[in-house]
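In case you want the letters, here they are:
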Amino acid sequence: MPEVMKTLLLNPPSFENFDGGASSRWPATREIESYWYPVWLTYPAGMIPGSRLLDASPAKVNWQQTVEICKDYEFLVLFTSTVGFTSDVKLIRKIKEANPSLKIAFVGPHGHIKPDETLNASEDIDFVTRGEFDHSVVEYAHGKPLGEILSISYRKDGKIVHNAERPQLHTAELDALPFATDIYKRDLKIENYTVPFLLHPFVSFYTTRGCPALCTFCMWPQTISGHAWRVRSTENVAREVKQAIEYFPQMKEIFFDDDTFNIRKDRVLELCTKFKPLKFRWSSTARVHSDYETLKGMADAGARLFIVGFESGDAQILKNIKKGATVEMARTFMKNCRKVGIRVHGDFIIGLPGETRETIQKTIDFAKELDCETIQVSLAHAMPGTELHESMAKQGFLKVEALADSGGHQLPHIEYPHLSKPEMMAGVNRFYDEYYFRPRVVWRIVREALWDSSERKRLYHEAVDFLKLRSERWKWVREGGDTEKPMIAVPGTSSASGND
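Everything numeric in this text was worked out from a predicted model, so none of it was measured.

Calculation rules
- Residues numbered from 1 in each chain as written.
- Predicted model: local features only at pLDDT ≥ 70, side-chain atom pairs only at ≥ 80, totals over all residues.
- Heavy atoms only, no water.
- Phe/Tyr/Trp six-rings, centres within 6.5 Å; stacked < 30°, edge-to-face > 60°.
- Helix = DSSP H or I, 4+ residues; strand = E, 2+ residues; numbered from the N terminus.
- Buried < 20%, exposed > 50% of the residue type's maximum accessible area, 1.4 Å probe, protein only.
- Lys NZ or Arg CZ within 6 Å of the ring centre and 35° of its normal.
- Core = buried A, V, L, I, M, F, W, Y, C linked by side-chain atoms within 4.5 Å.
- Contact = heavy atoms within 4.5 Å.
- Pairing = 2+ DSSP bridges.
- Axes fitted to C-alpha atoms, helices over the stretch in contact; angles between N-to-C directions.
- Patch = residues over 30% accessible without salt bridge, like charges linked within 9 Å, V, L, I, M, F, W, Y side chains within 5 Å.
- Areas by Shrake-Rupley, 256 points an atom, 1.4 Å probe, with all protein chains shown as cover.
- Salt bridge = Lys/Arg side-chain N within 4 Å of Asp/Glu carboxyl O.

Enquirer: Quick question: what am I supposed to make of the packing of aromatic side chains here?
Expert: By convention here, two paired aromatic rings are described through the distance between centres and the angle between planes. One pass over the structure, following the stated rule, counts 28 aromatic pairs. Seen in terms of ring centroids, Tyr37 and Tyr193 are 4.1 Å apart; in terms of plane orientation they differ by 15°. Their pairing is stacked. Of this pair, Tyr37 sits in the loop between strand E3 (28–29) and helix H1 (39–47) while Tyr193 sits in the loop between helix H8 (180–187) and strand E10 (202–205), placing them 156 residues apart in sequence. Pair check on accessibility: Tyr37 and Tyr193 agree, each one buried. Plain terms: the ring middles of Phe256 and Phe261 are 5.3 Å apart, the flat faces sit at 10° to each other, and that makes the pair stacked. Members of the aromatic cluster, joined through ring pairs, are Trp36, Tyr37, Tyr184, Tyr193, Phe202 and Phe255. When the ring centre of Tyr73 is taken as origin, the NZ or CZ atom of Lys6, which lies over that ring, is 5.1 Å away.

If you want it as structure tokens, here you go:
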């Protein structure tokens, strides 16, 4: 084995236009094409000399091209997802046929949740990582034996071995990691990354890991990052911001993609003190807990937009999912955001535990009352490894174990005795229609594009994609949700009802 193995870190082309890997909290092929940065892969990429990070989907690199690229490497680190896993296993078979000596590690939440099933799915996988994998794959690339690497699972003498857990990284260790932006500069093209509600081009990275919130549906804190909230020092974050500004003069904003950026007031305000002299625009995730003083400090330091998971307008549903927030807190938060001039992109979910026809309408009305700049409405998805998945399976509400069709698009897979999948899909469609087809909202969107040709072009393509999807969804509802489409099953699971 060489001193350092020639390593490729791959966010794979599981499906065309698939955003399923190393930062996507909801792995899927998007209805409106968009991609998040593969942040998790950047850290080991920065610690392995001569490595390359290939983010296949946004780079428009297909299966055949990926196989060709892999011929030149000795070690492949592939970030898999539950939705893309079956496709990824097929891909590595082709890769191994072309490069039989290649060593392969699967990283990400899926292997963390199901290490045995992941290894048993393919002899081509040499090991699987559990939890944070920054140092695990780096140690292997530098020649450390599998038996000495923490938080991995692998085969030995026909049996699967699970090594001891690796302690999570805290401030000193997080500060010692390479900057994600170094790898963006080396291996990626930032213009390939677009999210409809963020300015283009943007750059995103993390300032923390983990989330103390207990939301039952959220995948990252319940899998690889955990609930322990661990921070980079504010000095370290400010240095990466300065570097990003220098590296990418074309960048229009930075997005802080933490699970929860604003969880602690004193840290947020300390960051803002360091951000203000840099005079840059930024956006972030946020919970509705921040008070007016915090929001004013953020606005003064260049904050433009927050992504906020409101989820539902029904108080009981918020309790059912352990959201740790109330509708009144949401109202106050939105009121204060308007006062300080920060926009909000609101996320809502249809089909959470306790959902009824009445609560769907209640949430639609609540969203219109909040009047966020933009919204996203999703069907509830119980990702394996989450408390929601466990409870839905136990109660027999996972009527379909498929999470996606053969193109990677999400499918409804939760159904209640009083609320069918077609009814919930119709609720999503009605939500979008009632929200966006209001005159003032239409004008708000069009007004943004009037003075910006790039925004006009983007808006046109997004509108075409959205209207196409809207038509397909209504057709699916009219046909009772029984449209025949090949589906991707959740590997390693059986029928939730136990009757099949």
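Enquirer: Explain unusual backbone geometry to me, please; I cannot follow it from the model alone.
Expert: Peptide bonds are, in most cases, trans, and in most cases residues other than glycine have a negative phi. Note that the residue after His200, namely Pro201, is joined by a cis bond; omega there is 0°. As for its position among the elements, Pro201 is in the loop between H8 and E10. The phi dihedral of Ser151 falls on the positive side, at around 60°, and the residue is not glycine. Topologically, Ser151 is positioned in the loop between helix H6 (134–141) and strand E8 (152–156). The backbone phi angle of Glu311 is positive, close to 70°, even though this residue is not glycine. Note that Glu311 resides in strand E15 (residues 303–311). Given the relative accessible area of 5%, Glu311 is considered buried.

Enquirer: What exactly am I supposed to notice about the nonpolar core here?
Expert: As a rule of thumb, soluble globular proteins bury nonpolar side chains together. Core analysis: the biggest nonpolar cluster contains 122 residues, and Phe256, Phe275, Trp282, Met298 and Phe310 have the highest contact counts within it. At eight residues, helix H17 (residues 421–436) tops the list of elements feeding residues into this core. Setting aside chain neighbours within four positions, we find Phe310 in contact with Val288, Leu318, Ala330, Met334, Val344, Gly346, Asp347, Phe348, Leu370 and Cys372.

Enquirer: Explain the sheet that holds strand E17 (residues 374–379) here, please?
Expert: Adjacent strands of a sheet form backbone hydrogen bonds with each other and so pair up, either parallel or antiparallel. The strand order E10-E13-E14-E15-E16-E17 describes an open sheet built from six strands, whose pairing is parallel. Looking at strand neighbours, the two that pair on one side only are E10 and E17, the edges of this open sheet. Strand-to-strand twist of the sheet, defined as the mean angle between neighbouring strand axes without regard to direction, takes the value 20°. As defined by bridge partners, E10 adjoins strand E13 (residues 253–256) across four bridges and the pair is classed as parallel.

Enquirer: Can you help me understand a nonpolar patch on the surface in this one?
Expert: Together, Phe437, Val442, Trp443, Val446, Leu450, Trp451 and Leu467 give the surface a local cluster of nonpolar side chains, amounting to about 760 Å² of exposed area. The element contributing the most residues to the nonpolar patch is helix H18 (residues 439–450), with four residues. Judged by its relative accessible area of 46%, Phe437 is partly exposed.

Enquirer: Looking at this structure, how should I read the sheet that holds E8?
Expert: As summarised here, the arrangement of the seven strands in space is E4-E1-E5-E6-E7-E8-E9, forming an open sheet in which the pairing is mixed. In the strand order of this sheet, the two ends are held by strand E4 (52–55) and strand E9 (159–162), each with one partner. Direction aside, neighbouring strands of the sheet carry axes that sit 20° apart on average. In this sheet, E8 lies alongside strand E7 (residues 127–129) in antiparallel orientation, the contact comprising three bridges. Its bridge partner lying in E8, Phe127 is registered against Tyr154. Contacts from helix H2 (residues 63–70) reach strand E1 (7–11), E4 and strand E5 (75–79), with the element oriented near 165° to E1.

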